[in-house]
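If you want the building blocks of each chain, they are given just below.
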Amino acid sequence: PDPFPISSTHLIYISDPAGGSLYGRPYVSVKYMYIYVCFHYLSPTTSKSLCISQASQMSTLSSSLVYLLLLASLCLPSSGPRLVTGIPPGPVVQCTSGNTNCLVHNGYGAFLDGTNCRVAAAAYPSTESELLRFVSDASLANQKMKVVTRYSHSIPKLCCPGGPDGTGLVISTEKLNHVVRVDVQSRRITVESGITLHELIEAGATHGLALTHSPYWLGLSLGGMLCTGAHGSSFVGKGGAVHEYVVGMKIVVPTTWPDVDGYFAKVISLEEDDPDLLAAKVSLGVLGVISQ
Ligand SMILES: Cc1cc2nc3c(=O)[nH]c(=O)nc-3n(C[C@H](O)[C@H](O)[C@H](O)COP(=O)(O)OP(=O)(O)OC[C@H]3O[C@@H](n4cnc5c(N)ncnc54)[C@H](O)[C@@H]3O)c2cc1C
């Protein structure tokens, strides 16, 4: 029997595919550390979310406890929509000495294939010029690099740099999350790529702006959403994918030769009419580091 009391005024659905499997049967696996269920309420006048998150090692939870948690979550809508807070995942990069010799995983605690990602170092730029320097240094050292985001939500091992295990560099966009410019008139906002969906929505809302569509979890970063072509549903507008609404990008790419400033990296700006913008938008993170 459908546990959701769907009425004509409220539509309740589970948007997370993992939530879909929870609906039928709680997912119990040593690979997954989090149970995260989100209900979104849509009515003609309001849109609210109720999220329940249990950050425990799932293997130590008995499946009946998971069922109990789920049951409790399913009962809550009957008392009316309300907001609760969830617990975000902990750091996805853990280093043994400063920012070197690190283990990287995704927000679930493990990649799909069950393997680890070991890297030589992690970098945390907070400005574009710091980012340029990190990319340049790695480029000069012929070191493989990849971007890791604040919560690294992708299940595949996308954020792991190639090359021999333990030799690469991850560049975190955790601190590259600032709002650069808001142009209310043209309804355009310029942000750094590490900004989370939550921060982006808040930044827009401060100026009366909103995204047409968004993927399902507020902890995703803009860079991650673009790179994977992540989308929500597409009832109105150009389409449901976030990248459909991107009109320009700045990307830091490694170079073989030093540029005028001596960096082995450069910043490329792609404007709205640049055909390369289409490729740069959904790159799985292999065409350089998106700065803004
Ligand atoms: C192929 C794919 C499609 C998905 N589609 C959807 C969807 O349609 N709707 C939905 O709700 N969810 C979707 N997801 C799940 C989730 O929304 C995405 O995984 C999302 O990318 C996670 O965002 P994140 O910020 O945690 O990025 P991460 O998982 O940390 O990174 C994703 C990729 O982007 C790269 N990257 C991130 N930031 C930058 C940057 N600044 N510069 C360069 N590279 C960067 C990373 O190196 C990595 O390769 C999808 C996942 C995958 C793997």
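An unreviewed UniProt entry lists the protein under the name FAD-binding PCMH-type domain-containing protein, with Nymphaea colorata given as the organism. The UniProt entry for the protein carries the following comment under Sequence similarities (unreviewed entry): "Belongs to the oxygen-dependent FAD-linked oxidoreductase family."

A.B. asks: Is there a simple way to think about the overall build of the protein in this case?
C.D. replies: Scanning the protein from N- to C-terminus turns up six helices and 13 strands. Relative to its 292 residues, the protein shows a buried fraction of 39%. Within the protein, contacts between residues separated by at least 24 positions form 57% of all contacts whose residues are at least 6 apart in sequence. Looking at the protein as shown, the accessible area adds up to about 15500 Å², and 57% of this sits on carbon and sulfur atoms.

A.B. asks: Can you walk me through the pattern of salt bridges in this structure?
C.D. replies: Once the charged atoms of two side chains with opposite charge are near each other, the side chains can pair. Taken as a whole and judged by the stated rule, the model has four salt bridges. Between E272 and R188 there is a salt bridge; the shortest N-O distance is 3.2 Å. Separated by 84 residues along the polypeptide, E272 in the loop between β12 (265-270) and α6 (276-281) and R188 in strand β10 (residues 188-191) bring together distant segments of the chain. Owing to a relative accessible area of 38%, R188 belongs among the partly exposed residues under this scheme.

A.B. asks: What should I look at first to understand the site of the ligand in this one?
C.D. replies: In the neighbourhood of the ligand, 26 residues make up the surrounding shell, with V147, T149, H153, S154 and Y216 lying closest. For the ligand, an oxygen atom lies 2.5 Å from a polar atom in the side chain of T149. Within the backbone of G224, one N or O atom sits 2.7 Å away from an oxygen atom of the ligand. Look at the ligand: alone it shows 940 Å² of surface, and the protein chains cover 87% of it.

A.B. asks: What is the right way to read the side chain of K281 from this model?
C.D. replies: Take K281: it is sitting in helix α6. With no salt bridge to any partner, buried K281 finds its closest opposite charge in E244, at an N-O distance of 6.1 Å. Among all residues touching K281, those that are not within four sequence positions of it are L226, C227, H243, V246 and M249.

A.B. asks: I'm lost on the sheet that holds strand β7 (residues 145-148) in this one. Help?
C.D. replies: The pairing of strands in a sheet comes from backbone hydrogen bonds and takes either a parallel or an antiparallel form. In space, the five strands of this open sheet follow the order β4-β5-β6-β8-β7, with mixed pairing throughout. Pairing within the sheet leaves two strands with one partner each, and these edge strands are β4 (93-97) and β7. Strand-to-strand twist across the sheet, computed as the mean angle between neighbouring axes with direction ignored, equals 45°. Note: strand β5 (residues 100-104) against strand β6 (residues 117-123), four bridges, orientation antiparallel. Considered in β6, the bridge of C102 is made with V119. Together, β6, β7 and β8 (169-172) form the strand contacts of helix α3 (residues 128-140), whose direction differs from that of β8 by roughly 170°.

A.B. asks: Can you help me understand the packing of aromatic side chains in this one?
C.D. replies: Aromatic rings considered in pairs are described by the distance between their centres and by the relative angle of their planes. Under the definition given, this model contains one aromatic pair. Directly above the aromatic system of F134 lies the positively charged group of R133, at a separation of 5.4 Å from the ring centroid.

A.B. asks: Could you clarify how one ought to interpret α3 in this entry?
C.D. replies: In an α-helix, one turn spans 3.6 residues; hence positions three or four apart end up facing the same way. In this model, α3 (13 residues) spans 18 Å end to end at C-alpha, consistent with the 18 Å of a helix rising 1.5 Å per residue. Those residues of α3 not exposed but buried are E128, L131, L132, V135, S136, A138 and S139. An end-on view of α3 places all buried positions within 165° of arc, on one side of the element. Buried residues in α3 make contact with β7, β8, β11 (249-254), β12 and β13 (289-290). A positive backbone phi angle near 55° is found at N142, which sits one or two residues after α3.

A.B. asks: I'm lost on the sheet that holds β11 in this one. Help?
C.D. replies: Strands sit in the order β12-β11-β13 across an open sheet of three strands; the sheet is antiparallel. Each end of this open sheet is capped by a strand with a single partner; those strands are β12 and β13. Bridge count for β11 against β13 is two bridges, and the pairing is antiparallel. Looking at the pairing, V252 lines up with V289 of β13.

Thresholds applied
- Residues numbered from 1 in each chain as written.
- Predicted model: local features only at pLDDT ≥ 70, side-chain atom pairs only at ≥ 80, totals over all residues.
- Heavy atoms only, no water.
- UniProt positions renumbered as here; feature names shortened; annotations may be inferred.
- Helix = DSSP H or I, 4+ residues; strand = E, 2+ residues; numbered from the N terminus.
- Buried < 20%, exposed > 50% of the residue type's maximum accessible area, 1.4 Å probe, protein only.
- Contact = heavy atoms within 4.5 Å.
- Areas by Shrake-Rupley, 256 points an atom, 1.4 Å probe, with all protein chains shown as cover.
- Salt bridge = Lys/Arg side-chain N within 4 Å of Asp/Glu carboxyl O.
- Near = heavy atom within 4 Å.
- Polar contact = N/O pair within 3.5 Å; in protein donor to acceptor, adjacent residues only side chain to side chain.
- Lys, Arg positive; Asp, Glu negative; His and termini not counted.
- Pairing = 2+ DSSP bridges.
- Axes fitted to C-alpha atoms, helices over the stretch in contact; angles between N-to-C directions.
- Phe/Tyr/Trp six-rings, centres within 6.5 Å; stacked < 30°, edge-to-face > 60°.
- Lys NZ or Arg CZ within 6 Å of the ring centre and 35° of its normal.
- Expected span 1.5 Å × (residues − 1).
- Arc of directions from axis to C-beta.

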